[in-house]
Amino acid sequence: MKRSTRYVLFAAAVLLAMMACATAPEPEPEPLPPLETDTELVQAQRDQAEMLRQQIIDADLAQYAPEEFDRGDEQFALGDEQRELDADEAIQHYRDASASYRRVIDRAFEEVVDVARDDAQSAKSRADEVRARRGAPQPYEQGETRYATAESAREQREFTPALEGYRGARESFEEAYVVASERRDRAREAMDSADRAISQTEGSAQELEDELEDELEDEE
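Keep in mind that this is a model prediction, so the values were computed, not measured.

Residue-level account of the overall build of the protein chain, with values.
Along its length, the protein chain carries seven helices and zero strands. Seen in sequence order, the protein chain has helices and strands lined up from the N terminus as α-α-α-α-α-α-α. Across the 220 residues of the protein chain, 25% fall into the buried class. Of the roughly 15,900 Å² that the protein chain leaves accessible, carbon and sulfur atoms contribute 50%.

Tell me what's going on with unusual backbone geometry, and back it up with residues and numbers.
The backbone phi angle of D60 is positive, close to 55°, even though this residue is not glycine. Positionally, D60 belongs in the loop between α2 (38-58) and α3 (66-82). For D60, a relative accessible area of 48% gives the class partly exposed. Backbone geometry places R157, a non-glycine residue, at a positive phi of 60°.

Lay out the nonpolar core in plain terms, naming residues and giving numbers.
Among the nonpolar cores identified, the biggest contains 40 residues, and I56, L61, Y101, V113, A132, F159 and Y166 are the most heavily contacted of them. No other element matches the 16 residues that helix α4 (residues 87-129) contributes to this core.

An account of the environment of T160 is requested, with residue identities and associated values reported.
Structurally, the position occupied by T160 is in helix α7 (residues 159-219). Using a relative accessible area of 34% as the deciding quantity, one classes T160 as partly exposed. In this structure the C-alpha to C-alpha distance between T160 and F109, which are 51 residues apart in sequence, comes to 10.0 Å.

Describe the side chain of H93, listing the residues and the values that go with them.
Summarising the element assignment, H93 is placed in helix α4. Sequence-distant contacts of H93, defined by excluding residues within four places in its chain, comprise Q75, L78, G79 and Q82.

Give me the lowdown on helix α6 (residues 137-155), citing residues and values where you can.
Over its 19 residues, α6 runs 27 Å from end to end, which matches the ideal 27 Å to within 8%, given 1.5 Å per residue. Those residues of α6 that sit buried are P139, Y140, G143, Y147, A150 and A153. Along the long axis of α6, the arc covered by the buried residues comes to 140°, so they all point the same way. The outward face of α6, more than 90 degrees from its buried face, is lined by the exposed residues Q138, T145 and E155.

Parameters and conventions
Residues numbered from 1 in each chain as written. Predicted model: local features only at pLDDT ≥ 70, side-chain atom pairs only at ≥ 80, totals over all residues. Heavy atoms only, no water. Helix = DSSP H or I, 4+ residues; strand = E, 2+ residues; numbered from the N terminus. Buried < 20%, exposed > 50% of the residue type's maximum accessible area, 1.4 Å probe, protein only. Areas by Shrake-Rupley, 256 points an atom, 1.4 Å probe, with all protein chains shown as cover. Core = buried A, V, L, I, M, F, W, Y, C linked by side-chain atoms within 4.5 Å. Contact = heavy atoms within 4.5 Å. Expected span 1.5 Å × (residues − 1). Arc of directions from axis to C-beta.

This is the structure in structure tokens:
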């Protein structure tokens, strides 16, 4: 084969390879996650505010900060007015409503839950003074369980479970204090009785010894 012919065939092969690479399909890009719409954002903020409001109503907390609760309701209503007109405006109103509702809950925690927490801690301290962990293990351990549950609810800002937990813990620790105190008093009484019995026995023995010595002296 002539050199010119080989050159033409080689050039054709290179051209075909280049055309194949140029026409190869490119990999399709991965689909992007769907973007949240304004409607979804508005609804999410409304749901958050409504959840906080319902928590206040269920636990009757509005009484602890009525003006703040009313302010939250005003912002919530404004959010409803704007939700179909201006998404950004509605979102801000719902956020303001949530902030007011949270302040109501915080005030209620300060005035009720935190006081109940202090009461539970004081009851535990009294129980510890009489060693109730050993003297009354069942109510004492129940108090610890209830207190731990209340602490978890308090961290989650759940008013009713936290309040009920602290109050239940206080009752359990108070019961442990009473049981352990009664057992300690009975133990002390038993020890005192034993001491008196020993003293009486020692006294009787001394009397017998004295009488024996007197008899011996008389015989002499």
